[in-house]
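Given next are the chains, with one letter for each unit.
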Amino acid sequence: TWHLKKIPQIVSERTFSLDSPKFEAKPKLELKSVCGIECQRRLPVPSLSDLKELLAYETVFENGTRTLTQVNVLGLGLAPAGNTSGERSLRKKRQIYGTDSRFSIYDKRFMTNFPFNTAVKISTGCSGILISPKHVLTAAHCLHNGKDYVKGSKRLRVGLRRAGRKQGTSDGMPSFQWTRVKSTHIPKGWFKGVSEDIALDYDYAVLELKRPHKRKYMELGVSPAIKMMPGSMIHFSGFDSDRSGQLVYRFCSIADESSDLFYQYCDAESGSTGSGVYLRLKEPDKKKWKRKIIAVYSGHQWVDVNGEQQDYNVAVRITPLKYAQICFWIHGNDESCTRG
């Protein structure tokens, strides 16, 4: 069951103008030597001042201008999050683990219906997911490598799968309806995490579209612990680079978790990074089931486990704080984001 949680409030305090970015960075699809499972468990709980610094955010507008917004965090309990402990079986393989268990979605009825219609393509080569009539959630590293915005993000576009008879091309590949991005939001914690080699905890970004779409989108949910998930299973769909133009769906169980990350062996290739990871749980006091986004797929990463470098496919969990921030980006106020 989805359990409602009281969400802390994020409010903007001051906004500053920054120099326009150069947009010269090369996309960095795989980050090595990041803070892994053991490292995450040793990290101290961030203080309120730390969180205010990490949750400050940059906004880049389509004309190339950029701002930095400082925030305050209200109603936050700083109890440490429950990280899992204990030994886990370790595997050392590539992004496809054993038999490839991904499914390419060809049927038009599935491609254009919920939940598969919520998956979108980002013009920098990543995937994303619709989270409102005008907003898309994706991974921060699809737009910024930690030092500068990547080439191609200056004129960023989002591709939605075409519906109707003309949704395919002559070779059977699906076509996209491309929409310009009005603005992008990236938390400052992403720049800190990459530059200081700390963690992937803030590898998420929200894009505001220039024109709203009329498709069903997926709501955000606060990420539950593994033990609260049916079979510890997660699902996500994206546009993997090795299956050109195809929408690829997969599901798997989570191998381990920290307070901010899920470590799993869902088969994936580059191109699917930025996909929305979702669960299907019962709504409180109802018989209906509902899918919600509980993480952002960050990609294949090397992490330290028991003193050794191991590889996992990693997803960034939507914690109450991240829920509050993303909700604030969508609605522009905290009144719509009190419970998640």
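Keep in mind it's a predicted model, so treat the numbers as computed, not measured.

Examining the overall build of the protein chain
(1) Moving on: Along its length, the protein chain carries five helices and 16 strands.
(2) Moving on: Restricting to contacts in the protein chain with at least 6 residues of sequence separation, those with at least 24 account for 73%.
(3) Moving on: For the protein chain, the exposed surface amounts to about 15,700 Å²; the carbon and sulfur share of it is 49%.

Considerations on the state of the cysteines
(1) Moving on: Applying the stated criterion across every chain yields a total of one disulfide.
(2) Moving on: For Cys126, the disulfide goes to Cys142, at an S-S distance of 2.1 Å. Torsion about the S-S bond of the Cys126 and Cys142 cystine: about -95°, corresponding to left-handed handedness. Remark: Cys142 occurs in the loop between β7 (135-138) and β8 (157-161) and Cys126 occurs in the loop between β5 (119-122) and β6 (127-130); sequence separation between them is 16 residues.

Remarks on the nonpolar core
(1) Moving on: Formed by 66 residues in total, the largest nonpolar core has its most connected members in Leu55, Ile131, Leu137, Val158, Tyr204, Leu220 and Ile326.
(2) Moving on: At eight residues, the largest contribution of residues to this core is made by helix α5 (residues 320-331).
(3) Moving on: The next biggest cluster of nonpolar side chains, apart from the first, holds 17 residues, and it includes Ile234, Cys252, Ala268 and Ile294.

Observations regarding the environment of Tyr202
(1) Moving on: You can see Tyr202 is positioned in the loop between α4 (188-195) and β10 (205-209).
(2) Moving on: Residue classification places Tyr202 among the buried residues on the basis of a relative accessible area of 11%.
(3) Moving on: Considering only alpha carbons, one finds Tyr202 and Ile318, 116 residues apart in sequence, at a separation of 9.8 Å.
(4) Moving on: Not counting the four nearest positions on each side in its chain, Tyr202 is found in contact with Leu51, Leu54, Leu55, Ala140, Pro187, Gly189, Trp190 and Lys322.

Comments concerning the pattern of salt bridges
Any two side chains of opposite charge can pair, on the condition that their charged atoms come close.
(1) Moving on: For the structure shown, the criterion picks out nine salt bridges.
(2) Moving on: Close ionic contact of Arg66 with Glu58 constitutes a salt bridge, the shortest N to O distance being 3.3 Å. When sorted by exposure, Arg66 lands in the same class as Glu58, which is buried.
(3) Moving on: Of the charged contacts, one joins Arg180 and Glu62 as a salt bridge, the two residues approaching to 3.7 Å between their closest N and O atoms. Taken together, the residues span a long stretch of sequence, with Arg180 in strand β9 (residues 176-187) and Glu62 in the loop between β2 (57-61) and β3 (66-74) at a distance of 118 residues.
(4) Moving on: Overall, Arg180 belongs to the partly exposed group, its relative accessible area being 33%.
(5) Moving on: A single network of salt bridges, built from pairs that share partners, joins Glu62, Arg180 and Lys210.

Side note on the packing of aromatic side chains
(1) Moving on: Enumeration over the complete set of coordinates arrives at nine aromatic pairs.
(2) Moving on: Arranged with centres 6.2 Å apart and planes meeting at 40°, the rings of Tyr204 and Trp329 form a pair that is tilted. Separated by 125 residues along the polypeptide, Tyr204 in the loop between α4 and β10 and Trp329 in helix α5 bring together distant segments of the chain. Across the pair, Trp329 and Tyr204 agree in class, each one buried.
(3) Moving on: Each ring, one from Tyr249 and one from Phe251, has its centre 6.0 Å from the other, and the planes form 35°; the classification is tilted.
(4) Moving on: Classification of Tyr249 as buried rests on a relative accessible area of 14%.

A few points about α5
(1) Moving on: Taking 1.5 Å of rise per residue, 12 residues should cover 16 Å, and α5 covers 16 Å from first to last C-alpha, within 8% of that figure.
(2) Moving on: Most of α5 sits out of view: 10 of its 12 residues are buried.
(3) Moving on: For α5, the set of buried residues is Leu321, Lys322, Tyr323, Ala324, Gln325, Ile326, Cys327, Phe328, Trp329 and Ile330.
(4) Moving on: At the C-terminal side of α5, Gly332 shows a positive phi close to 75°.

Focus on the pairing of β10
(1) Moving on: Burial analysis of β10 places five of its five residues in the buried class, which makes it a mostly covered element.
(2) Moving on: Across the two faces of β10 the burial is the same, with Ala205, Leu207 and Leu209 and Val206 and Glu208 all buried.
(3) Moving on: Across four bridges, the pairing between β7 and β10 is antiparallel. Residue pairing for β10: His135 is matched across the bridge by Glu208.

With respect to the confidence of the model for the protein chain
(1) Moving on: Of all residues in the protein chain, 77% attain a pLDDT of 70 or more, and the chain-wide mean is 79.
(2) Moving on: Predicted confidence is poor over residues 79-94, with pLDDT under 50, and the contacts of this stretch with residues over four places away or in other chains come to 28 contacts.
(3) Moving on: pLDDT under 50 marks residues 165-172. Its contacts with residues more than four places away, or in other chains, come to 13 contacts.

Here we look at the environment of Leu68
(1) Moving on: Within the fold, Leu68 resides in strand β3.
(2) Moving on: On the accessibility criterion, Leu68 (15% relative accessible area) is buried.
(3) Moving on: It is 9.6 Å that separates the C-alpha atoms of Leu68 and Pro187, two residues lying 119 residues apart in sequence.
(4) Moving on: Setting aside residues up to four positions removed in sequence, Leu68 forms contacts with Arg14, Thr15, Phe16, Leu18, Ala56, Tyr57, Glu58 and Lys188.

Quick notes on the rules
Residues numbered from 1 in each chain as written. Predicted model: local features only at pLDDT ≥ 70, side-chain atom pairs only at ≥ 80, totals over all residues. Heavy atoms only, no water. Helix = DSSP H or I, 4+ residues; strand = E, 2+ residues; numbered from the N terminus. Contact = heavy atoms within 4.5 Å. Areas by Shrake-Rupley, 256 points an atom, 1.4 Å probe, with all protein chains shown as cover. Disulfide = S-S within 2.5 Å. Core = buried A, V, L, I, M, F, W, Y, C linked by side-chain atoms within 4.5 Å. Buried < 20%, exposed > 50% of the residue type's maximum accessible area, 1.4 Å probe, protein only. Salt bridge = Lys/Arg side-chain N within 4 Å of Asp/Glu carboxyl O. Phe/Tyr/Trp six-rings, centres within 6.5 Å; stacked < 30°, edge-to-face > 60°. Expected span 1.5 Å × (residues − 1). Pairing = 2+ DSSP bridges. pLDDT = per-residue confidence, 0-100.

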